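Residue-level structural notes
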Amino acid sequence: MSFRTVVVKNRAKIETRLNYLLIRGEEEKWVHLSEIGTLVVESTACAITTQALCELAKNNTSVIFCDEKHLPYGQLSYLYGNHLASGQVKRQSQWTEDLKAKAWKEIVKQKIEWQRTVLIKYQKYETAQMLSDYILQVEHGDTTNREGHAAKVYFNALFGQDFCRRTPNENNPALNYGYAILLSSTAREIIAAGYITQIGIHHINEYNQYNLACDIMEVFRPLVDAYVLEISNLIHFKSKVSTILSSKTKIGGKVHFLDSAIRIYVRNVLKFMEGKGAIEKIEKFILEEGNEL
């Protein structure tokens, strides 16, 4: 089972041999393909063979490519996620607006609940109480945009009143890096289940290739926020944030690596969209031993 996130930071030649990924830089490193859940190619000076890309796609490995600023810019997705894909996509295109609204309400409530948990962890009790009120106010389809209002007060409480997600600051690169890893992992699981990422539940941007992944990953975003808050020196945020998929998450009464928890949650949301059961709650995020949300 894939469980490793491999990050290539410096100039290297990346290829495959005998079911191993071979990274030839200053040193040679071999990693079995079955172990790799995510490959982050951080340096634009890397060369990767088409055979390696094909084998990684066959293995359902999420491959993230970074730009000249070493920030995630694109990803590799494979075409044949599931032999039932045609039927799944047909049903996906017929999801009702009422079902989408129900799903989005539940996702938003869970996201705000975890934002509140992060605020309590960092002793932002007054803002946490505001989020408690917002949770009760989330309507069908979140028509009053409690998600947006919660995000504003949440980020201001954690990072300061001048903080904005759209302007340059020391925290945004780390947050974006973590969110990109979450998005890639979520998109991979959607495709593996036979669905497409373009047709979302709430996100409907025609220029966004990952609308559905953006919807489902929302619940996991507060974990990235907590990870970033735990980093003492943000200059080195990549080495810390890149390990996020190896953190632990409790869902369905069992503890899993985050990568596996995302798989379970994605399948659960998709089943809900097919009219089967309810959306399961994330019960616990474990940043590291003895440090949890």
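So, a few notes on the structure that sits alongside this text. (Residues numbered from 1 in each chain as written. Predicted model: local features only at pLDDT ≥ 70, side-chain atom pairs only at ≥ 80, totals over all residues. Heavy atoms only, no water.)

**A look at unusual backbone geometry**
- One non-glycine residue, L18, adopts positive backbone phi at about 50°.
- Exposure remark for L18: the relative accessible area of 76% places this residue in the exposed category.
- Its identity is not glycine, yet N145 carries a phi of approximately 55°, on the positive side.
- Along the chain, N145 turns up in the loop between α4 (125-137) and α5 (146-159). (Buried < 20%, exposed > 50% of the residue type's maximum accessible area, 1.4 Å probe, protein only. Helix = DSSP H or I, 4+ residues; strand = E, 2+ residues; numbered from the N terminus.)

**Section: the packing of helix α3 (residues 97-121) against helix α8 (residues 221-229)**
- Contact geometry for α3 and α8: axes closest at 8 Å, N-to-C directions at 20°. The orientation of α3 relative to α8 falls into the category roughly parallel. Here α3 runs over α8; the crossing is right-handed. Each of K111, W114, Q115 and V118 in α3 lies in contact with α8, whose residues at this interface are R221, P222, A226 and L229. (Axes fitted to C-alpha atoms, helices over the stretch in contact; angles between N-to-C directions. Parallel < 35°, antiparallel > 145°, perpendicular 65-115°, else oblique. Left-handed = near helix turned anticlockwise from the far one by under 90°. Contact = heavy atoms within 4.5 Å.)

**Let's talk about the packing of aromatic side chains**
- Under the criterion given, the structure shown has ten aromatic pairs.
- An angle of 80° between the planes, with centres 5.8 Å apart, marks the rings of Y177 and F237 as edge-to-face. With Y177 in helix α6 (residues 172-192) and F237 in helix α9 (residues 237-241), the pair connects residues that are 60 residues apart, well separated along the chain. With respect to burial, Y177 and F237 carry one shared label: buried.
- Through a chain of ring-to-ring contacts, the aromatic side chains of W114, F220, Y265 and F285 assemble into a single cluster.
- A cation over a ring is seen here: K121 above Y122, with NZ or CZ 5.8 Å from the ring centre.
- Here the guanidinium or amino end of R221 rests over the ring plane of Y179, the centre of that ring lying 4.4 Å away. (Phe/Tyr/Trp six-rings, centres within 6.5 Å; stacked < 30°, edge-to-face > 60°. Lys NZ or Arg CZ within 6 Å of the ring centre and 35° of its normal.)

**Overview of the sheet that holds strand β2 (residues 13-17)**
- Across the sheet, which stays open at both edges, the four strands sit in the order β4-β3-β2-β6 with mixed pairing between neighbours. One side of each edge strand has no neighbouring strand; the edge strands of this open sheet are β4 (28-32) and β6 (47-48).
- Looking at chain direction, strand β3 (residues 20-24) and β4 are connected through five bridges and run antiparallel. Within the sheet, the bridge partner assigned to L22 lies in β4 and is W30.
- Along the sheet face, helix α1 (residues 50-58) touches β2, β3 and β6 and points at about 60° away from the line of β2. (Pairing = 2+ DSSP bridges.)

**A closer look at the packing of α6 against α8**
- Running from N to C, α6 and α8 point in directions that differ by 140°, and their axes come no closer than 9 Å. Read as a crossing pair, α6 and α8 show a hand that is right-handed. Residue-level inspection shows A174, L175, G178, Y179 and L182 of α6 in contact with α8, the latter providing R221, V224, D225 and V228.
- Its residues placed into classes, the contact of α6 with α8 shows six nonpolar, one polar and two charged. (Nonpolar A, V, L, I, M, F, W, Y, C, P; charged D, E, K, R; others polar.)

**Description of the environment of Y227**
- Along the chain, Y227 falls in helix α8.
- On the basis of relative accessibility, which here comes to 5%, the residue Y227 falls in the buried class.
- Ignoring sequence-local partners within four residues, the contact set of Y227 consists of K240, V241, T243, I244, S247 and L287.

**Comments concerning the pairing of β3**
- Pairing between β2 and β3: five bridges, direction antiparallel. Residue E15 lies in a different strand from β3, and its bridge partner there is L22.
- Turn length for the β2-β3 hairpin, with the two strands adjacent in sequence and antiparallel, is two residues, and the turn residue L18 shows positive phi of about 50°.
- Hairpin connection, β3 to β4: the antiparallel pair is bridged by three residues.

**Details of α3**
- Counted at 1.5 Å a residue, the expected span for α3 with its 25 residues is 36 Å, and the 36 Å between its end C-alpha atoms agrees.
- Positive phi shows up at Q123, right after α3, with a value of about 60°. (Expected span 1.5 Å × (residues − 1).)

**Re the environment of E106**
- You can see E106 is positioned in helix α3.
- Sequence separation of E106 and V153 is 47 residues, and the distance between their C-alpha atoms is 20 Å.
- Other than its neighbours up to four places away in sequence, E106 contacts I279 and K281.

**As for a nonpolar patch on the surface**
- A contiguous nonpolar patch, built from L18, Y20 and W30 and spanning about 360 Å² of accessible area, is present on the exposed surface.
- Checked against the element boundaries, Y20 lands in strand β3. (Patch = residues over 30% accessible without salt bridge, like charges linked within 9 Å, V, L, I, M, F, W, Y side chains within 5 Å. Areas by Shrake-Rupley, 256 points an atom, 1.4 Å probe, with all protein chains shown as cover. Salt bridge = Lys/Arg side-chain N within 4 Å of Asp/Glu carboxyl O.)

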